[in-house]
Amino acid sequence: MFDYIFLVPLIPLVGFLFNGLLIGRVPRPLISFVGCISVGLSFLLSVFLFFSLKSLPPEARFIEQVLFSWIPAGSLHVDIAFLLDPLSTVMILVVSGVSFLIHVYSVGYMHDDPGYGRYFSFLNLFTFSMLTLVLANNFVLMFVGWEGVGLCSYLLIGFWFEKKSASDAGKKAFIVNRIGDFGFLLGMFLIFWQVGSLHFETVMKAAPTVFMAGGGLITAACLLLFVGAIGKSAQIPLYVWLPDAMEGPTPVSALIHAATMVTAGVYMIARTNALYVMAPDALMVVAIVGAVTALFAATIGLAQNDIKRVLAYSTVSQLGYMFLACGVTAFTAGIFHLMTHAFFKALLFLGAGSVIHAMSAEQDMRKMGGLKKYLPITYPTMLIATLAITGIPGLSGFFSKDEILWKSFSSLNGHPLLWVIGFVTAGLTAFYMFRLIYLTFHGRERMDDKTKHHLHESPRTMTVPLILLAVFSVIGGWIGMPHIFGVVNYFEHWLEPVMAHGAGAAEGPMLAAGGGDTGTEVLLMVVSVVLVLVAIFAARYYYLKNTQAATSLSEKLSGVHQLLLNKYYVDEIYGAVIVRPVVYGSIFLWKVVDVVIIDGFANGMATIIRDISELLKNIQTGQVRKYATIFVVGVVILIAYFTFG
Amino acid sequence: MIPISAYLILAAVLFGIGTVGVLTSRNVIVIFMAIELMLNAANLALIAFSRGLNVLDGHVFVFLVLTVAAAEAAVGLALIVLIFRNRESINIDRFSIMKW
Amino acid sequence: MNLDTIVFLVSAVVAVFGATMMISQRNTVASVLYLILSLAAQAVLYIQLGAIFLGAVLIIVYAGAIMVLFLFVIMLLNLRGNQDMGDPPGPVSRFTKYLVSILLVIELVFIIRGVAFDTDASGIMSMTADNFGSVKAVAMLLFTDYLYPFELTGVLLLVAIIGAVVVSKREKDKTPTPTDQAPDIRNGGAN
């Protein structure tokens with residue numbers, strides 16, 4: 001069974017080639033079939049691999065499959081090789097599973113689109129890249145997958161490239177990602193320079209001996225890698241591409257910008273946890289960035305009117321939670337939240353897609369309302385997802401978010417202030433998510449009659465994935481329930497070998513040493529649930545019962561409201577401070593350096609040579625006597641030189 | 001007793017006159033004759049050296065130079081005839097087409 | 001002031017005179033005749049230096065054949081004395097040419113000054129060897145040490161003859177065109 005690890009990423013690659021090379025020559029049903037089946041097979045294989053791995057004892061759950069040696073260059077040795085361990089198993093299950101559901105959904109959603117074949121080939125390519133990223137056993141192959149998902153993100157965000165805003169958004173995503181990738185590369189170089197290898201296992205084992213714990217080099221390496229994560233996972237300051245990425249088709253937003261690609265940064269940190277635990281300063285930075293981003297994005301989400309934008313900022317905020325978890329060495333909690341978030345966020349986006357589909361492509365929530373009765377499947381599933389994200393007890397989001405909040409308070413690397421930020425953000429999350437629900441599905445119907453006539457529930461191919469994701473949003477958390485409920489935390493247990501792997505129990509002792517007592521944990525849990533309920537009722541008041549109060553409040557605090565609505569003008573600031581100087585710089589380089597200096601030099605050379613030629617040609621007068629005179633002059637000079645010189 | 005150098009100086013003077021003739025004359029035929037004069041000046045110098053060093057190699061050299069001068073005169077004059085046929089002129093300044 | 005010196009001086013003066021007159025004549029035929037005069041004087045100088053064979057050859061071949069050839073050609077071209085010679089060159093170019101030539105002569109004289117010879121004199125009266133410069137002596141050298149150049153010279157003459165004949169063959173219907181109607185090569189052959 002373990003010989004087939006490489007097929008997990010390979011089958012979607014075949015799907016990409018099939019759909020990509022045969023664009024226009026293959027009928028739609030075949031395109032959808034190949035596209036979905038390739039990911040479906042990948043998922044099935046992942047399930048088999050999971051059970052095979054589970055049958056091994058925990059210490060042995062670590063399989064590497066080397067396909068071939070890719071770069072044998074002196075001391076640098078990189079293979080195309082895959083690593084199957086508990087962490088990567090979780091990732092491939094999530095990625096292939098959610099990807100499969102989204103492929104099926106897309107069959108319905110992209111039904112009328114002329115670029116159907118192109119869409120599915122890109123989606124398959126993305127799945128291949130993401131699977132490569134999570135299965136890689138060395139930094140370089142992971143970086144290949146990293147870049148691959150970035151590329152597919154660009155291709156899919158700018159899918160409707162004739163629309164300028166879409167192609168601009170694609171470019172923005174790619175360029176901002178690249179800035180992060182630069183940091184990632186520098187981190188890789190640093191590690192290779194010190195350790196001499198880029199193979200995960202080798203690096204993790206060698207790290208304690210090569211690096212001084214807490215020293216400058218390891219901190220620098222971890223921070224640089226984190227810069228890459230900031231870019232890919234949309235944290236401050238490189239988050240600006242994610243809201244714009246909503247220009248792409250909604251299933252793309254669900255897959256790439258909710259469930260999988262943006263989580264690559266979190267995965268990367270979890271994978272290299274042995275390095276991070278050696279650099280507490282880096283961990284602190286990660287935690288702070290995560291927490292601040294979570295809060296910051298949540299505040300922006302409060303004021304947005306586009307349904308997809310709210311979800312985009314929500315994603316940024318939830319990713320902040322995951323980084324907060326990693327920053328307090330609760331890597332398991334971070335991955336747990338990654339998984340649950342994949343379920344409910346994908347569901348939220350797909351549900352939003354269903355709403356948009358019903359509303360004939362309208363995305364402004366102010367023009368919606370009362371859709372509850374028109375969308376009998378979309379509404380309940382979205383409600384379940386909202387309940388999950390806000391952390392209502394019993395659903396998956398509760399368990400994962402709660403664990404993060406607890407660990408940020410209690411872990412040795414944690415701090416009560418971090419907990420406070422997380423706590424407040426949870427309240428805000430509940431508020432803006434229920435604002436979304438109330439504005440969209442409840443209350444007065446604010447759409448025009450033409451749109452109202454078109455309102456219809458989505459076809460089966462779109463609603464079935466919604467239902468499945470809703471089920472997972474509910475039960476997905478039950479494998480990670482905390483100890484205090486008297487059950488085993490299966491998830492944490494499963495991932496334990498990876499987190500302890502290499503550097504010696506990184507999380508265990510810290511948790512044991514810094515863990516607070518059960519009473520505090522329950523207290524904090526109760527407090528956050530209370531806050532969430534308060535927020536839900538507040539949202540209900542402002543957006544359902546007394547909408548006048550909402551408008552008057554926004555007028556009273558109009559300054560704040562404008563600030564939030566315009567996302568703190570961050571894009572404008574970036575534009576003025578970074579983009580404009582760069583553009584001016586390029587214009588200068590073009591107009592002055594290229595045209596005047598370089599072209600001038602090249603043309604000038606030619607002109608000079610021509611002018612010299614014009615001057616010299618006058619020597620050839622054709623008059624023999626003049627030539628003869630010059631002969632004699634030359635003879636005289638020569639004789640003089642030889643006799644007197 | 002006339003020193004050999006006297007002959008050599010004479011040869012130099014004749015050579016110089018020949019050079020002046022080549023450079024200043026506009027008549028093609030006169031230029032040609034001036035060249036012949038320069039050749040002859042060289043011959044005179046050779047004979048003088050031959051006498052001065054008491055060897056006969058100089059004489060042989062002159063013999064050969066003479067022959068070459070004859071051949072050259074023949075071909076050169078043929079060319080002049082040809083040019084004259086086309087140009088109706090023996091002014092060397094008229095033959096300056098090969099300019100830039 | 002013995003006979004040698006007088007002969008030398010007279011011959012030298014005549015040679016230089018003939019040369020100078022040659023280059024300053026308007027009439028081409030006169031130029032030829034002056035050159036012949038100069039050659040005759042030079043022949044005398046040759047004989048004074050002991051090159052009796054070559055002196056004779058000079059008269060026979062040079063003055064007798066080559067100069068006659070020149071005259072043939074002049075007659076063939078039917079040159080009148082009043083040929084249009086265009087504008088005389090400006091004083092600047094004339095000056096540079098004279099200057100250059102004089103410089104050349106001065107340099108040569110300078111070089112000659114530095115040459116020393118053991119035999120001092122010349123003249124028929126003081127012949128060193130019996131047959132120095134005679135036909136027999138020159139021929140001995142020519143046909144033994146310098147045989148190869150000699151033969152080559154023969155080939156050279158043959159080539160020259162063929163060349164001269166071929167070059168000056170007249171084409172069938174070619175009429176001479178006046179100078180200002182000559183084909184302008186620069187413009188591709190048009191007039």
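In this numbering scheme, every chain counts its residues from 1 along its sequence in written order. As a convention, the first chain written is A and the first ligand written is 1, with the rest following in written order. Residues qualify for local features only when their pLDDT is at least 70, as the model is predicted, and side-chain atom pairs are given and counted only at 80 or more; totals for whole chains, interfaces and linings, by contrast, use all residues.

Every helix listed is a DSSP run of H or I at least four residues long, and every strand listed is a run of E at least two residues long, numbered separately from the N terminus. On a plain count of helices and strands, chain C comes out with six helices and zero strands. Beginning at the N terminus, the succession of helices and strands in chain C can be written as α-α-α-α-α-α. Here exposure depends only on C-beta density: within 10 Å of a residue's C-beta, 20 or more other C-beta atoms make it buried, 12 or fewer make it exposed, and intermediate numbers make it partly exposed, the C-beta atoms being placed from the backbone. Burial statistics for chain C: of 191 residues in total, 25% are counted as buried. Restricting to contacts in chain C with at least 6 residues of sequence separation, those with at least 24 account for 55%. Here, residues touch in the contact sense if the C-beta positions derived from the backbone fall within 7 Å of one another.

This paragraph deals with the overall build of chain B. Across its full length, chain B holds three helices and zero strands. Residue burial in chain B is summarised as follows: out of 100 residues, 59% are buried. Across chain B, every contact between residues at least 6 apart in sequence was considered, and the portion connecting residues at least 24 apart equals 45%.

The next point concerns the interface of chain A and chain B. On the chain B side, the residues contacting the ten residues of chain A number ten residues. A per-class count over the side of chain A that touches chain B returns three nonpolar, five polar and two charged. For this classification, Asp, Glu, Lys and Arg are treated as charged, while Ala, Val, Leu, Ile, Met, Phe, Trp, Tyr, Cys and Pro are nonpolar and the rest, including Gly, are polar.

A few words on the packing of helix α13 (residues 280-303) of chain A against helix α18 (residues 416-441) of chain A. Residues and elements named next belong to chain A. Geometry is summarised by axes, namely lines fitted to C-alpha atoms with helices restricted to the contacting stretch, and by angles between N-to-C directions that run from 0 to 180 degrees. Direction vectors running N to C along α13 and α18 enclose 25 degrees, while the axes themselves pass 9 Å from each other. By the angle class used here, α13 and α18 are roughly parallel. Crossing of α13 against α18: the hand is left-handed. Touching Ala287, Ala291, Ala294, Leu295, Ala298, Thr299, Gly301 and Leu302 of α13 are Leu418, Ile421, Gly422, Val424, Thr425, Leu428, Thr429, Phe431 and Tyr432, all from α18. Classifying every residue of the contact of α13 with α18 by side-chain character gives twelve nonpolar, five polar and no charged. Here the word oblique covers every angle except those under 35 degrees (roughly parallel), over 145 (roughly antiparallel) and from 65 to 115 (roughly perpendicular). Working rule for handedness: look at the near helix, and if it is turned counterclockwise from the far one by less than a right angle, call the crossing left-handed; if clockwise, right-handed.

The subject of this paragraph is unusual backbone geometry. Cis geometry marks the peptide bond from A:Ile236 to A:Pro237, where omega comes out at -5 degrees. Position of A:Pro237 among the secondary structure elements: in the loop between α8 (216-232) and α9 (241-244). Positive phi, close to 55 degrees, is recorded for A:Tyr569, a residue that is not glycine. Within the secondary structure, A:Tyr569 is located in the loop between α25 (558-565) and α26 (570-616). Despite not being glycine, B:Asn54 has its phi angle at roughly 60 degrees, a positive value. With respect to the helices and strands, B:Asn54 occurs in the loop between α2 (28-53) and α3 (57-87). With 13 C-beta atoms counted inside 10 Å, the residue B:Asn54 sits in the partly exposed group.

Take the nonpolar core next. A set of buried residues qualifies as a nonpolar core if it consists of Ala, Val, Leu, Ile, Met, Phe, Trp, Tyr and Cys joined through C-beta atoms within 7 Å. Counting 200 residues, the largest nonpolar core has A:Leu324, A:Ala346 and A:Leu347 as the members making the most contacts within it. If we ignore the near neighbours within four places in the chain, the residues touching A:Leu347 are A:Thr381, A:Ala385, A:Leu466, A:Leu469, A:Ala470 and A:Ser473. Within the second largest apolar cluster, 74 residues are counted, among which are B:Phe15, B:Ile29, B:Val62 and C:Val100.

Chain B puts 66 residues into the contact, and the matching count from chain C is 77 residues. Of all elements in the fold, only α1 (4-24), α2 and α3 of chain B reach the threshold of two or more residues within the side of chain B that touches chain C. For the side of chain B that touches chain C, the element with the highest residue contribution is α3(B), accounting for 24 residues.

Quick look at the environment of B:Leu23 now. Summarising the element assignment, B:Leu23 is placed in helix α1. For the pair formed by B:Leu23 and B:Ala34, sequence separation is eleven residues and the distance between their alpha carbons is 9.4 Å. In contact with B:Leu23, other than residues within four places in its own chain, are A:Arg625, A:Ala628, A:Thr629, A:Val632, C:Lys97 and C:Ser101.

Attention now moves to the pairing of strand β1 (residues 63-73) of chain A. Residues and elements named next belong to chain A. One requirement defines pairing of two strands: DSSP has to find at least two bridges between them. Two strands pair when backbone bridges link them, and β1 and strand β2 (residues 76-84) are joined in this way by nine bridges, in the antiparallel orientation. For Ile71, the partnering residue across the bridge sits in β2 and is Val78. The turn linking β1 back onto β2 is made up of two residues, and Gly74 within it adopts a positive phi angle of 65 degrees.

What follows concerns the environment of A:Met481. Topologically, A:Met481 is positioned in the loop between α20 (460-475) and α21 (490-500). A C-alpha to C-alpha distance of 8.2 Å links A:Met481 and A:Phe491, two positions ten residues apart in sequence.

With that out of the way, let us pick up helix α2 (residues 28-48) of chain C. Across its 21 residues, α2(C) extends 31 Å between first and last C-alpha, which sits within 8% of the 30 Å expected from 1.5 Å per residue. Once α2(C) finishes, C:Gly50 follows within two positions and takes phi at roughly 95 degrees, a positive value. Any helix carries an expected span of 1.5 Å times its number of residues minus one.

Residue and element names in this part refer to chain A. As a packed pair, helix α17 (residues 396-410) and helix α23 (residues 518-545) sit with axes 10 Å apart at the nearest point and diverge in direction by 125 degrees. With respect to α23, the axis of α17 lies oblique. Of the two elements, α17 crosses α23, and the hand of that crossing is right-handed. Contacts from Asp402, Leu405, Trp406 and Phe409 of α17 reach α23 at Glu521, Leu524, Met525 and Ser528. Considered class by class, the residues forming the contact of α17 with α23 number five nonpolar, one polar and two charged.

We now examine the confidence of the model for chain C. The quantity called pLDDT is the predictor's confidence in a given residue, expressed from 0 to 100. The pLDDT averaged across chain C works out to 81; a share of 76% of its residues lies at or above 70. Taken element by element, the predicted model of chain C shows its lowest mean pLDDT in helix α4 (residues 91-113) of chain C (84) and its highest in α2(C) (93).

Okay, the environment of A:Val474 next. Residue and element names in this part refer to chain A. Mapping Val474 onto the fold places it in helix α20. Given 19 C-beta atoms within a 10 Å radius, Val474 is considered partly exposed. For Val474 and Gly397, which are 77 residues apart along the polypeptide, the C-alpha to C-alpha distance reads 8.4 Å. Excluding its chain neighbours within four sequence positions, the residues that come into contact with Val474 are Ile384, Leu395 and Ser396.

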